[in-house]
Every structure is written in structure tokens, then in C-alpha cells.
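# Topology and contacts: notes
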Amino acid sequence: GCSFNCASMRGAIMDGACMDEAALQGVNLGQASMKGASLRKVTLPEGTLDGADLSEADLTDAHAPRASCVRSVFKACEMPGSVWEDANFESADLSDAVATGASFRGCLLAGTVLK
């Protein structure tokens, strides 16, 4: 996979993109559109996804501790085995997401849609 360190991709349109196993340390993906993207085994520690749309994205085995996901949309995402420890999901939409075996330990989930 590709590697970016502290880059800004704010507002990028990456619908359907394949970024499997990408290393995205501290990357800003705020307001990005990544609908249906494949992000399997991506690492995004301390990254920003605020306001991003990841509807129907595949985040299987993703590793994003301390990520900021405020008001992000993860509707119908595949998230099994992913690690989001200490991430901020305030007011995010996780409706219909499949998160079997995912870790949300220590996450801020105030106002998050979890249906």
C-alpha cells in the first residue's frame, strides 16, 4: 500500500478508491468522499475524518486509534476487526455498519447513530 505522513487530503473525492494497507499517519481526510472505498488494513493513527462520507466503505481490520471522526458517515460500512481505540465519533453515523470484533474502547460516542 501507499504511505502518507501528516498529509492533507481534505475534501478529496475518492469514491470507490482502493487504498488497502495504506499507511496514513496523521493524515487529514476531513470532508472527503470515500463512498464504497476499499480501506482494508489501512492504518490511520491520529488521523482526521471529520465530516467524511465513508458510506459502504470496507474498513476491515483498519487500525485508527485516536482518529477524529466527528460528524462522519460510516453508513453500511464493513468494519470487522477494526481498531478505533480512543477515537472521537461524536455525532457520527454508524447506522447499518457491520462492526463484529471491532474495538471502540475509550471512544467518544456522544450523539452517534448506532442503529
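First, a word on scope: everything that follows refers to the structure included in this document. (Residues numbered from 1 in each chain as written. Predicted model: local features only at pLDDT ≥ 70, side-chain atom pairs only at ≥ 80, totals over all residues. Heavy atoms only, no water.)

### Observations concerning the overall build of the protein chain
Looking only at helices and strands, the protein chain features zero helices and two strands. Relative to the compact-globule value of 13 Å for 115 residues, the protein chain shows a C-alpha radius of gyration of 12 Å, a close match. A burial count over the protein chain gives 43% of its 115 residues as buried. Carbon together with sulfur atoms contributes 48% to the accessible area of the protein chain, which is approximately 5,400 Å² in total. (Helix = DSSP H or I, 4+ residues; strand = E, 2+ residues; numbered from the N terminus. Rg over C-alpha atoms; globule rule 2.2 N^0.38 Å. Buried < 20%, exposed > 50% of the residue type's maximum accessible area, 1.4 Å probe, protein only. Areas by Shrake-Rupley, 256 points an atom, 1.4 Å probe, with all protein chains shown as cover.)

### Overview of the pattern of salt bridges
According to the stated counting rule, one finds four salt bridges in the structure shown. Measuring nitrogen to oxygen at the nearest pair gives 3.9 Å for the salt bridge that ties lysine 35 to aspartate 53. Of this pair, lysine 35 sits in the segment after β2 (23–25) while aspartate 53 is found in the segment after β2, placing the two residues 18 residues apart along the sequence. Among the residues examined, lysine 35 registers a relative accessible area of 42% and is labelled partly exposed. (Salt bridge = Lys/Arg side-chain N within 4 Å of Asp/Glu carboxyl O.)

### As for the packing of aromatic side chains
Tallied over the entire structure, the rule returns four aromatic pairs. Pairing phenylalanine 74 with tryptophan 84 gives two aromatic rings, centres 5.8 Å apart and planes at 75°, and the pair type is edge-to-face. Remark: tryptophan 84 occurs in the segment after β2 and phenylalanine 74 occurs in the segment after β2; sequence separation between them is 10 residues. Accessibility classification places phenylalanine 74 together with tryptophan 84 in one group, the buried group. Centre to centre, the rings of tryptophan 84 and phenylalanine 89 are 5.4 Å apart; their planes meet at 70°, and the pair counts as edge-to-face. (Phe/Tyr/Trp six-rings, centres within 6.5 Å; stacked < 30°, edge-to-face > 60°.)

### Section: the nonpolar core
Counting residues in each nonpolar core, the largest one holds 31 residues, and the members touching the most others are Leu29, Met34, Leu49, Leu54, Leu59, Phe74 and Trp84. Setting aside its immediate chain neighbours within four residues, leucine 49 contacts Leu29, Gly30, Met34, Leu44, Leu54, Ser68, Cys69, Ser72, Phe74 and Trp84. (Core = buried A, V, L, I, M, F, W, Y, C linked by side-chain atoms within 4.5 Å. Contact = heavy atoms within 4.5 Å.)

### Some remarks on the side chain of serine 103
In this fold, serine 103 is placed in the segment after β2. For serine 103, the side chain forms a polar contact with the side chain of glutamate 85, separated by 3.0 Å. The contacts of serine 103, once residues within four sequence positions are left out, are Ser82, Val83, Trp84 and Glu85. (Polar contact = N/O pair within 3.5 Å; in protein donor to acceptor, adjacent residues only side chain to side chain.)

### Remarks on the side chain of serine 38
Summarising the element assignment, serine 38 is placed in the segment after β2. Each residue touching serine 38, except ones within four places of it in the same chain, is listed here: Ala17, Cys18, Met19, Asp20 and Asp58.

### As for the environment of leucine 54
You can see leucine 54 is positioned in the segment after β2. Look at leucine 54 and you get buried, because its relative accessible area is 1%. The spacing of leucine 54 and isoleucine 13 is 41 residues in sequence and 11 Å in space, taken between C-alpha atoms.

Keep in mind that these numbers describe shape and distance, not what the molecule does.
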